[in-house]
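One letter stands for each residue in the lines below.
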Amino acid sequence: MGFSAAIFDMDGTLIDSEKLNLRFWTEAAAMHGIDLAKEDVLHIRSLDSRLSRRYLEERYPGFEFDSIRETRRELMRVHVETEGLELKPGVKEILTELRSKGIRTAVATATQPVRAFAYLEMLGIKDMFDEIVCTAMVANGKPAPDVYEFACGTLGLAPVECMAVEDSPNGLKSAHSAGCTTVFIPDLTGPDEDTADVTDLLFHDLNEMCRYVIEHPGL
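Quick look at the structure, then. (Residues numbered from 1 in each chain as written. Predicted model: local features only at pLDDT ≥ 70, side-chain atom pairs only at ≥ 80, totals over all residues. Heavy atoms only, no water.)

Next up on the list: the layout of surface pockets. Here the largest pocket defines a volume of roughly 680 Å³. Surrounding the largest pocket, 35 residues form its lining, Ser46, Leu47, Arg72, Ala110 and Thr111 being those nearest its centre. Mapped by element, the contributors of at least two residues to the lining of the largest pocket are helix H1 (18-31), helix H2 (38-43), helix H3 (49-59), helix H4 (65-83) and helix H6 (113-122). If you tally residues by element for the lining of the largest pocket, the top one is H4, at five residues. Across the lining of the largest pocket, the residue classes tally to 14 nonpolar, 10 polar and 11 charged. When its volume is computed, the second largest pocket comes out at roughly 240 Å³. (1 Å grid on protein atoms, 1.4 Å probe; cavity = no way out; pocket = protein on both sides within 12 Å on 5 of 7 lines; lining within 4 Å. Points joined across faces, edges and corners; volume = space filled by probe spheres on them. Helix = DSSP H or I, 4+ residues; strand = E, 2+ residues; numbered from the N terminus. Nonpolar A, V, L, I, M, F, W, Y, C, P; charged D, E, K, R; others polar.)

Here you go:
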């Protein structure tokens, strides 16, 4: 069957910001005396903050999650104000192509609503989405299915009618559990055994996805 909507993760999928989250989590932790490993930051990408807290506090005794997260957010705020943000290659092209086919578009992100709306507005793509949903609007963040179920609901569609475009294992698990067709576009990490069972389509980048959409008019 054809798809009625495409729901996109934001960080690492639409915006080239996961590299910044990795950098600033590491820097913020160091400012608090913690040598935070890259692998642990990658593990918490898109992860429900309660699970992130538990994971990091178990891995690093004395890890002050709230303080370090606030420092990370401040580092990110300064960077955005001074350097701005960049879209991932092909964002406007894929959104334009999908919408030209009558496929609705939405965002499902772990980022807080104020920042999510501000980032999308800053980058000139906010109005290219029918709905913008954040995990703060649901009971459980990724990898639970809540945010994708809610996004589908706000679109008035069943999950089977929606594709979900993600860059991280936690996001893919969330979309898969909700019943969406998952599209994996790797960012900081590639396909592995953690993503194999929750990936339906795999593309190198959004430009490759766009070519696929153009070549499959019945999508």
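Right, let's talk about the sheet that holds strand E4 (residues 162-166) for a bit. With parallel pairing, the six strands of this open sheet are ordered in space as E3-E2-E1-E4-E5-E6. Unpaired on one side and paired on the other, strand E3 (131-134) and strand E6 (201-202) mark the two borders of the sheet. With two bridges connecting them, strand E5 (residues 181-184) and E6 associate as parallel partners. Residue pairing for E6: Phe184 is matched across the bridge by Leu202. Against the sheet, helix H5 (residues 91-100) makes contact with strand E1 (5-8) and strand E2 (104-109), and its axis sits at roughly 155° relative to E1, the strand it touches most. (Pairing = 2+ DSSP bridges. Contact = heavy atoms within 4.5 Å. Axes fitted to C-alpha atoms, helices over the stretch in contact; angles between N-to-C directions.)

The next subject is the side chain of Asn21. Turning to its location among the elements, Asn21 is positioned in helix H1. Overall, Asn21 belongs to the buried group, its relative accessible area being 13%. Discounting residues that sit within four places of it in the chain, Asn21 has contacts with Asp11, Val41 and Arg72. (Buried < 20%, exposed > 50% of the residue type's maximum accessible area, 1.4 Å probe, protein only.)

Further remarks concern unusual backbone geometry. The step from Lys142 to Pro143 runs through a cis peptide bond, and the omega angle for that step is 15°. Within the element layout of this structure, Pro143 appears in the loop between E3 and helix H7 (146-155). With a phi close to 65°, Ser46 is a non-glycine residue in the positive phi region. Here Ser46 shows up in the loop between H2 and H3.

Now for empty space enclosed by the protein. Counting across every chain of the model gives one cavity of 30 Å³ or more. Approximately 50 Å³ is the volume found for the largest cavity. Every residue along the wall of the largest cavity is listed here: Phe3, Met163, Val183, Leu201, Phe203, Met209, Tyr212, Val213 and Leu219. Among the elements that make up the lining of the largest cavity, the one with the highest residue count is helix H9 (residues 206-215) (three residues). A per-class count over the lining of the largest cavity returns nine nonpolar, no polar and no charged.

The pairing of E2 with E3 spans four bridges and is parallel. Paired with Thr109 across the bridge in E3 is Cys134. Each parallel crossover has a hand, and the one from E2 via H6 to E3 is right-handed. (Right-handed = clockwise from strand over helix to strand, strands pointing away.)

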